[in-house]
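Here's the letter readout for the chains.
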Amino acid sequence: MTSPRRTLGRSGVAVSPLGFGAAPLGNLYTPLDEETARATVDAAWEAGVRYFDTAPHYGLGLSERRLGEALRARSRGEFTVSTKVGRLLEPHPEPSGSDLAAGGFAVPDTLRRRPDYSRDGVLRSLEASLERLGLDRIDLALVHDPDDHMDTALAEALPALAELRAQGVVGAIGVGMNSVDPLRRFVAEGDPDVVMVAGRWTLLDRTAAPLLAECAAREVSVIAAAPFNSGLLSTDHPEASGHYDYGTVPAAVLGRARALAAHCAAHGVPLPRAALCFPLREPVVASVLAGFRSPAEVTSAAGHLTHGVPNRLWAELDTTP
């Protein structure tokens, strides 16, 4: 069962409200076997997910290859794929045996990432991604985490994507980052259809509010990634230790997460449901993007969005200090 799709900016490219973040398909932190990876994508499709996001960075190309293979038998016009530019993959001259320490993925480091936000780098990156995905086109191309390369990304990477958009090679373009202020600069100075903001427009962290307002004024859509704040909001009761994928969260953040969980419990609403539903309250948000490691996780997330959250609970969650 599919949900009504939302269009990205003025592009005509549409995404499902729930997006499939394919970083786990690249063995993020721990290995994922081929059978489970394929079954997870299949479960997403059965749950109505039609937007899938990946990147060369994820598992040094493994995520793109697995996602492409899982979607190969699907009708190309029925799904939307986004991938990213800014990190070229090249042979590693001195591999250590694992990418875990350098990149966070449990894959052999026979390749390495080289930052390249030049026009040529964009073209080379997309060509390689198309080959790994086995697709004839990219629906959405995003400049990936250009924090240390802002000027080059604005002068070369985004304009190169705009050229490809004008030629019909890609359907929509944008930028994906964790940081809010750099994204605001791209919206003000560039011509993106969409920005992907990770972990900054969530039930717990709402620092992207100014970005959303500016995007709405300029007809730029937002994809809200990492709605669970690295796992903190992924269970009904956040762990007392506060230790999650990206380390240990500050005590004040953990306390707020547990207060949000208590409000949800009082209304009989699972905390993950509120976390997934929150970003989509804003019309400018086209999709909420979460990473999935198993069919059960996908099915659960789709169910959360279907059931929704009562307005009386939002009133309490919005005022939780």
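Our structure is the block above this text.
Residues numbered from 1 in each chain as written. Predicted model: local features only at pLDDT ≥ 70, side-chain atom pairs only at ≥ 80, totals over all residues. Heavy atoms only, no water.

Examining helix α5 (residues 150–167)
A rise of 1.5 Å per residue sets the reference length of α5, with its 18 residues, at 26 Å; its end C-alpha atoms lie 25 Å apart and thus fit the reference within 8%. For α5, the complete set of buried residues consists of Met150, Ala153, Leu154, Ala157, Leu158, Ala160, Leu161, Leu164 and Arg165. Looking at the buried positions of α5, the neighbouring elements they touch are β5 (80–85), α4 (119–133), β8 (138–144), β9 (170–177) and α6 (180–189). Just beyond α5, the residue with positive phi is glycine 168, at close to 85 degrees. (Helix = DSSP H or I, 4+ residues; strand = E, 2+ residues; numbered from the N terminus. Expected span 1.5 Å × (residues − 1). Buried < 20%, exposed > 50% of the residue type's maximum accessible area, 1.4 Å probe, protein only. Contact = heavy atoms within 4.5 Å.)

Regarding the nonpolar core
Counting 83 residues, the largest nonpolar core has Phe20, Phe52, Leu126, Val143, Leu161, Leu203 and Leu211 as its most contacted members. The greatest single-element share of this core, amounting to 8 residues, is contributed by α5. If sequence neighbours within four positions are ignored, leucine 161 has contacts with Val85, Val122, Leu126, Ala141, Leu142, Val143, Val170, Ile173 and Gly174. Of all hydrophobic cores here, the second largest spans 14 residues; its members include Leu8, Tyr51, Met196 and Ala286. (Core = buried A, V, L, I, M, F, W, Y, C linked by side-chain atoms within 4.5 Å.)

What to know about the packing of α6 against helix α7 (residues 209–217)
The N-to-C vectors of α6 and α7 enclose an angle of 10 degrees; their axes lie 9 Å apart at closest approach. Regarding the angle of α6 to α7, the classification is roughly parallel. The interaxial crossing formed by α6 with α7 has left-handed handedness. Contacts from Val180, Leu183, Arg184 and Val187 in α6 reach Pro210, Leu211, Glu214 and Cys215 in α7. Among the residues forming the contact of α6 with α7, the class breakdown is 6 nonpolar, no polar and 2 charged. (Axes fitted to C-alpha atoms, helices over the stretch in contact; angles between N-to-C directions. Parallel < 35°, antiparallel > 145°, perpendicular 65-115°, else oblique. Left-handed = near helix turned anticlockwise from the far one by under 90°. Nonpolar A, V, L, I, M, F, W, Y, C, P; charged D, E, K, R; others polar.)

A word on the pairing of strand β14 (residues 285–291)
Of all the 7 residues making up β14, 6 are buried; the element is thus mostly covered by neighbouring parts of the structure. Bridge count between strand β3 (residues 18–21) and β14: 4 bridges; the pairing is parallel. Across the sheet, the residue bridging to glycine 21 is glycine 291, located in β14. As judged from the 4 bridges shared by strand β11 (residues 221–225) and β14, these two strands associate in the parallel manner. The residue of β14 that forms the bridge with alanine 224 is valine 288. (Pairing = 2+ DSSP bridges.)

What to know about the pattern of salt bridges
If you walk through the whole model with that rule in mind, you get 27 salt bridges. Between arginine 76 and aspartate 136 there is a salt bridge whose closest N-O contact spans 3.9 Å. Here arginine 76 is found in the loop between α2 (62–71) and β5, whereas its partner aspartate 136 is found in the loop between α4 and β8, with 60 residues between them in sequence. With a relative accessible area of 61%, aspartate 136 lands in the exposed category. (Salt bridge = Lys/Arg side-chain N within 4 Å of Asp/Glu carboxyl O.)

Observations concerning empty space enclosed by the protein
The final tally for this structure, using the stated rule, is 1 cavity of 30 Å³ or more. Computed from the structure, the largest cavity encloses a volume of approximately 40 Å³. Lining of the largest cavity is provided by Ala55, Pro56, His57, Lys84, Val85, Gly86, Arg87, Ser125 and His144. In terms of residue class, the lining of the largest cavity is built from 3 nonpolar, 4 polar and 2 charged. (1 Å grid on protein atoms, 1.4 Å probe; cavity = no way out; pocket = protein on both sides within 12 Å on 5 of 7 lines; lining within 4 Å. Points joined across faces, edges and corners; volume = space filled by probe spheres on them.)

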